[in-house]
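Spelled out, the chains give:
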Amino acid sequence: DAGVIQSPRHEVTEMGQEVTLRCKPISGHDYLFWYRQTMMRGLELLIYFNNNVPIDDSGMPEDRFSAKMPNASFSTLKIQPSEPRDSAVYFCASLPTPGLAGTITYNEQFFGPGTRLTVL
Amino acid sequence: AQSVTQLGSHVSVSEGALVLLRCNYSSSVPPYLFWYVQYPNQGLQLLLKYTSAATLVKGINGFEAEFKKSETSFHLTKPSAHMSDAAEYFCAVSDPDTGRRALTFGSGTRLQVQP
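Asks: Now, about the side chain of B:Asp85: what can you tell me, with residues and values included?
Replies: All names here are of chain B. Note on placement: Asp85 falls in the loop between strand 9 (73-78) and strand 10 (87-94). Side-chain polar atoms of Asp85 contact the side chain of Lys78, separated by 2.8 Å. Ignoring any residue separated from it by four or fewer positions in sequence, one finds Asp85 in contact with Phe63, Lys78, Ser80, Leu111 and Val113.

Asks: Please set out the interface of chain A and chain B residue by residue, giving values where relevant.
Replies: Taken together, the contact between chain A and chain B spans 20 residues of the former and 20 residues of the latter. Overall, the association of chain A and chain B removes approximately 1,700 Å² of surface from exposure, summing both partners, and the carbon and sulfur fraction of that is 56%. Where chain A meets chain B, there are 1 salt bridge. Across the pair A:Glu108 and B:Lys49 runs a salt bridge whose closest N-O atoms are separated by 3.6 Å.

Asks: Please provide a residue-by-residue account of the nonpolar core, values included.
Replies: One recurring pattern in soluble globular proteins is that nonpolar side chains are buried together. Residues B:Trp35, B:Leu47, B:Leu48, B:Phe74, B:Leu76 and B:Tyr89 are the most contacted members of the largest nonpolar core, which totals 27 residues. Taken together, the elements giving at least two residues each to this core come down to strand 2 (10-14), strand 3 (19-21), strand 5 (32-38), strand 6 (44-50), strand 8 (64-68), strand 9, strand 10 and strand 12 (109-114) of chain B. At 4 residues, strand 10 of chain B tops the list of elements feeding residues into this core. If we ignore the near neighbours within four places in the chain, the residues touching B:Leu76 are B:Val19, B:Leu20, B:Leu21, B:Trp35, B:Leu47, B:Leu48, B:Phe63, B:Glu64, B:Ala65 and B:Tyr89. A:Val4, A:Leu21, A:Leu77 and A:Cys92 belong to the second-largest nonpolar core, a separate cluster that totals 21 residues.

Asks: For unusual backbone geometry, give the residues involved together with the corresponding values.
Replies: Residue and element names in this part refer to chain A. Cis geometry marks the peptide bond from Ser7 to Pro8; its omega dihedral reads -10 degrees. Along the polypeptide, Pro8 turns up in the loop between strand 1 (5-7) and strand 2 (10-13). Between Gln80 and Pro81 the backbone carries a cis peptide bond, its omega angle lying at -10 degrees. Mapped onto the fold, Pro81 is located in the loop between strand 8 (74-79) and strand 9 (88-95).

Asks: I'd like a description of the pattern of salt bridges, backed by residues and values.
Replies: Tallied over the entire structure, the rule returns 12 salt bridges over all chains. Notably, a salt bridge pairs A:Glu83 with A:Arg64, separated by 3.5 Å at the nearest N-O pair. With A:Glu83 in the loop between strand 8 and strand 9 and A:Arg64 in the loop between strand 6 (53-56) and strand 7 (65-71), this residue pair connects regions lying 19 residues apart in the sequence. The partly exposed category is assigned to A:Glu83, whose relative accessible area is 23%. Across the pair B:Lys58 and B:Glu64 runs a salt bridge whose closest N-O atoms are separated by 2.8 Å. Among the residues examined, B:Glu64 registers a relative accessible area of 22% and is labelled partly exposed. Taken together, the shared-partner salt bridges in this structure form one network comprising A:Glu62, A:Arg64, A:Glu83, A:Arg85 and A:Asp86.

Asks: Give a description of the side chain of B:Thr109 that names residues and reports values.
Replies: Within the element layout of this structure, B:Thr109 appears in strand 12. Discounting residues that sit within four places of it in the chain, B:Thr109 has contacts with B:Gln6, B:Leu7, B:Gly8, B:Ser9, B:His10, B:Val11, B:Leu21, B:Ala87, B:Glu88 and B:Tyr89.

Asks: Got a sec to walk through the environment of A:His10? Specific residues and values, please.
Replies: Residues and elements named next belong to chain A. Structurally, His10 can be placed in strand 2. Residue His10 is classed as exposed on the basis of its relative accessible area of 55%. Separated by 14 residues in sequence, His10 and Lys24 have C-alpha atoms that sit 16 Å apart.

Asks: Pulling in residues and values, what's your account of the packing of aromatic side chains?
Replies: Per the stated rule, a full pass over the model turns up 16 aromatic pairs over all chains. Ring centres of B:Phe63 and B:Tyr89 lie 5.5 Å apart, and the angle between their planes is 45 degrees; on these two criteria the pair is classed as tilted. Remark: B:Tyr89 occurs in strand 10 and B:Phe63 occurs in the loop between strand 7 (56-58) and strand 8; sequence separation between them is 26 residues. Look at B:Phe63 and you get buried, because its relative accessible area is 2%. Three or more aromatic residues link up through ring pairs in this structure, and these residues are A:Tyr31, A:Phe33, A:Tyr35, A:Tyr48, A:Phe91, A:Phe111, B:Phe34, B:Tyr36, B:Phe90 and B:Phe105.

Quick notes on the rules
- In every chain, residue numbers begin from 1 and rise along the written sequence.
- Chains and ligands are labelled sequentially in the order written, the chains with letters from A and the ligands with numbers from 1.
- Local features in this predicted model are restricted to residues of pLDDT 70 or higher, and side-chain atom pairs are both shown and tallied only at a pLDDT of 80 or more, whereas totals for entire chains, interfaces and linings draw on every residue.
- By convention in this description, side-chain values take in all heavy atoms of the structure and omit both hydrogens and water.
- In DSSP terms, a helix is any run of H or I states spanning at least four residues, a strand is any run of E spanning at least two, and both are numbered starting from the N terminus.
- Counting of polar contacts relies on pairs of N or O atoms within 3.5 Å, with two restrictions inside protein: one atom must be capable of donating a hydrogen and the other of accepting it, and residues adjacent in sequence are counted only when both atoms are side-chain atoms.
- Whether two residues touch is decided by their heavy atoms; if any such pair falls within 4.5 Å, the residues are in contact.
- Buried area is a sum: the accessible area each of two parts loses on coming together, probed at 1.4 Å, counted once for each and added.
- Each reported salt bridge corresponds to a side-chain nitrogen of Lys or Arg within 4 Å of a carboxyl oxygen of Asp or Glu.
- What makes a nonpolar core is a set of buried Ala, Val, Leu, Ile, Met, Phe, Trp, Tyr and Cys residues whose side-chain atoms join them at distances within 4.5 Å.
- Burial classification: accessible surface area is computed with a 1.4 Å probe over protein chains only, and a residue below 20% of its type maximum counts as buried, one above 50% as exposed, and the rest as partly exposed.
- Two aromatic rings, drawn from Phe, Tyr or Trp (for Trp, its six-membered ring), form a pair once their centres lie within 6.5 Å of each other, and the interplanar angle then sorts them: stacked below 30 degrees, edge-to-face above 60, tilted otherwise.

Interpretation note: all reported values are geometric properties and have no functional meaning in isolation.
Okay, structure coming up:
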């Protein structure tokens, strides 16, 4: 399996521009998570989906952030308009549903390589 | 809400020395606990996990961790550090009872290995 795939790996943009980050979870994983990593706040959950439905978006900073999962193999995190304080590494992670198809999981998540976003 | 505390944002050891990275959790019930490692400019990789099957858990790259309920701790150890162990290490917790699948991470510990 190719693992969790994120694109782009690096994004540099100017304040006010729209930014779209993309994630492809591991095939068969029904949960998808978006995390943000900064020096000040560490790793924090932004939102997670189960079967393409948002379950917990309490970590989404504000209305400028939105996330979608139109199908089981693709998710986007959009920032519009972007601000310098959004500069961070954004990680996507996925998780199989416990008990399905013989899987036993204890919530250990599989992470993508991250997207490093710089907003100037 | 669950939380995880990692004591020491930076730890420096000599090559061949014992590695000890500390993690304490706050939870009313024994949670699932994880250690992840992050190498520079890479994503997080699972080192090991505690799921109540055994209190001493062995992971990859010679790391192990011991769950101590009385101390609410899950410290990570490695008997002999290698230069390739230099990375950032994160302890994370998940509640098995609520059905919430997200992880709560500690602030991380950066391990330096001196030659």
